[in-house]
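Now for the letters of each chain:
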Amino acid sequence: MAEVKCYIPKTLEEALAIRKATGAIPLAGGTDLMVQHYEGSGLSPVFKKPIMIITNLCELKGIKKMEDGSVEIGALTVSREIAECEDVHYLVRSAASRMGAISLRNSATIGGNIGNASPKGDLPQPLILLDAEVELISLEGSRRMLLDDFIKGAKKTELREDEIISKVIIPPADFTYIFYRKIGTRRANAISKLSLSAACKVKDGKIVDFRASSGAAGPKVARGKDAERMLIGLAPEELKSRKEEFLDAWNGVISPHAMPEWRRNSTRRMLDYFIDAVASGSPEGIIE
Ligand SMILES: Cc1cc2nc3c(=O)[nH]c(=O)nc-3n(C[C@H](O)[C@H](O)[C@H](O)COP(=O)(O)OP(=O)(O)OC[C@H]3O[C@@H](n4cnc5c(N)ncnc54)[C@H](O)[C@@H]3O)c2cc1C
């Protein structure tokens, strides 16, 4: 078998030069890549392309709250740090804290979760609800785009062969009500079977922002902006009159392949629960 090169750059500049010259695959925590290249117990994983271990790149680590209220999360930040950081939006912290078991959360990076682009990945779902952006960097410079545009479908992203994901930017958000649920098989080490975030802002007695995002219910996270707009401008107590129409519209937004009936019914029930809580004038905050 031909030998495959493994690079371990010490700086971002070095990493970008290697990426441009060889197209080496970035390996962060390796929790997806090592499983994908598993060859059996006691055997080394087999890679067909060069790999580049990027864990030394300090430039891609850490969480920063910016002056405009946005929060930037370096691509190599692991889920445990995200779950523990109060600056990060509750919805993203909730998702990070429910990823795998503690050992996994110490290795699994946000860049890897996004780069892997699995429909069952936990972080893209709340990030897409929050209109988060991703920054991609190469020797040519950097570019930013909505995470929703970056992830094109299952395992498909806009990442070029010479680029690395450098950070995720979460804009400031101010919601009156928020809701997060992940349904997995068990509490630890369970990949999402289904997940949902929902958020709503009420101002002067009217809904001025309503958002939802569904994970593991189609080839990528589903956001249905047309459906969301149906509820804007209503008073919370008017929500019940448009609820069924909204839930039917959301049913058209998701496209589950496996266990579609269960996924559609569960999604409907979660959204129904959230809307009823908002409509009934629950105390503001997290809807449990
Ligand atoms: C037992 C187990 C349980 C799991 N449970 C969950 C779970 O509950 N929820 C969940 O969402 N996931 C889960 N996963 C999947 C995995 O842990 C996550 O997707 C994790 O975030 C991947 O991060 P990583 O750093 O390990 O990525 P890696 O495996 O290193 O990389 C994943 C992909 O992203 C690319 N990549 C990584 N970093 C960059 C970068 N900076 N720039 C460009 N490309 C990059 C890699 O090239 C690769 O294609 C689980 C995995 C295992 C093995």
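Draft legend 1. A look at empty space enclosed by the protein. Tallied over the full model, the rule gives two cavities of 30 Å³ or more. The computed volume of the largest cavity comes to approximately 50 Å³. Lining the largest cavity are A117, S118, P119, P124, I128, I151, G153, P219, K220 and V221. For the lining of the largest cavity, the secondary structure elements donating two or more residues are α7 (124–129) and β8 (151–153). When grouped by side-chain class, the residues that make up the lining of the largest cavity number seven nonpolar, two polar and one charged. The two domains that each donate at least three residues to the lining of the largest cavity are domain 1 (6–170) and domain 2 (178–282). The space that makes up the second largest cavity amounts to roughly 40 Å³. Lining the second largest cavity are I128, D131, A132, L146, L147, D148, R223 and K225. Split by residue class, the lining of the second largest cavity holds four nonpolar, no polar and four charged.

Draft legend 2. Highlighting the packing of helix α10 (residues 239–253) against helix α11 (residues 260–279). With their axes 10 Å apart at the nearest point, α10 and α11 run at an angle of 155 degrees to one another. With respect to α11, the axis of α10 lies roughly antiparallel. Helix-helix and strand crossings are classified by hand; for α10 and α11 the assignment is right-handed. On α11, the residues that touch L239, K240, K243, E244, F246, L247, D248, W250 and N251 of α10 are R264, T267, R268, L271, D272, I275, D276, V278 and A279. Looking at the contact of α10 with α11, its residues break down into eight nonpolar, two polar and eight charged.

Draft legend 3. Representation of the site of the ligand within the structure. Taken together, 32 residues lie near the ligand, and P26, G29, T31, D32 and T109 sit nearest. Within the backbone of A28, one N or O atom sits 2.8 Å away from an oxygen atom of the ligand. One nitrogen or oxygen atom from the side chain of D32 is found 2.5 Å from an oxygen atom belonging to the ligand. For the ligand, the protein covers 89% of the area, taking 990 Å² as the surface of the free molecule. Of all the cavities here, the one that holds the ligand is the largest pocket. Mapped by element, the contributors of at least two residues to the shell around the ligand are β2 (25–27), α2 (33–36), α6 (110–116) and β10 (164–170).

Draft legend 4. Main features of the domain arrangement of the protein. Assigned domains within the protein: domain 1 (6–170) and domain 2 (178–282). Of the residues lining the interface, 25 residues belong to domain 1; the matching set on domain 2 comes to 27 residues. Both faces combined, the contact of domain 1 with domain 2 buries some 2,000 Å², and carbon together with sulfur accounts for 56% of it. When the buried surface of domain 1 facing domain 2 is broken down by residue, K120, Q125 and L129 rank first, second and third, together holding 32% of it. At the boundary of domain 1 with domain 2, the tally comes to four salt bridges.

Draft legend 5. Examining α10 more closely. The end-to-end C-alpha separation of α10 is 19 Å, in line with the 21 Å expected for 15 residues at 1.5 Å each. At E245, α10 is deflected by roughly 30 degrees, the largest bend along its length. Along α10, the residues classified as buried are L239, K243, F246, L247 and W250. Close packing links the buried residues of α10 with β13 (206–215), α9 (225–229) and α11.

Draft legend 6. A look at the nonpolar core. L123, L127, F150 and I170 are the most contacted members of the largest nonpolar core, which totals 35 residues. Elements that contribute at least two residues to this core include exactly β5 (71–74), α4 (90–97), α6, α7, β6 (133–138), α8 (147–150), β10 and β11 (177–183). Broken down by element, the residue count for this core peaks at four residues, all from α4. Each of two domains, domain 1 (6–170) and domain 2 (178–282), supplies a minimum of three residues to this core. Residues in contact with F150, not counting those within four places in the same chain, are I114, V134, L136, M145, K156, T157, E158, L159 and I165. Core analysis: the second largest hydrophobic core is formed by 28 residues, L194, L234, W250 and I254 among them.

Cut-offs and rules
- Residues numbered from 1 in each chain as written.
- Predicted model: local features only at pLDDT ≥ 70, side-chain atom pairs only at ≥ 80, totals over all residues.
- Heavy atoms only, no water.
- 1 Å grid on protein atoms, 1.4 Å probe; cavity = no way out; pocket = protein on both sides within 12 Å on 5 of 7 lines; lining within 4 Å.
- Points joined across faces, edges and corners; volume = space filled by probe spheres on them.
- Helix = DSSP H or I, 4+ residues; strand = E, 2+ residues; numbered from the N terminus.
- Nonpolar A, V, L, I, M, F, W, Y, C, P; charged D, E, K, R; others polar.
- Domains from an automatic or database assignment.
- Axes fitted to C-alpha atoms, helices over the stretch in contact; angles between N-to-C directions.
- Parallel < 35°, antiparallel > 145°, perpendicular 65-115°, else oblique.
- Left-handed = near helix turned anticlockwise from the far one by under 90°.
- Contact = heavy atoms within 4.5 Å.
- Near = heavy atom within 4 Å.
- Polar contact = N/O pair within 3.5 Å; in protein donor to acceptor, adjacent residues only side chain to side chain.
- Areas by Shrake-Rupley, 256 points an atom, 1.4 Å probe, with all protein chains shown as cover.
- Sits in = over half its atoms within 2 Å of the grid points.
- Buried area = accessible area lost by both parts, 1.4 Å probe.
- Salt bridge = Lys/Arg side-chain N within 4 Å of Asp/Glu carboxyl O.
- Expected span 1.5 Å × (residues − 1).
- Bend = angle between axes of the 7 residues up to and from the residue.
- Buried < 20%, exposed > 50% of the residue type's maximum accessible area, 1.4 Å probe, protein only.
- Core = buried A, V, L, I, M, F, W, Y, C linked by side-chain atoms within 4.5 Å.

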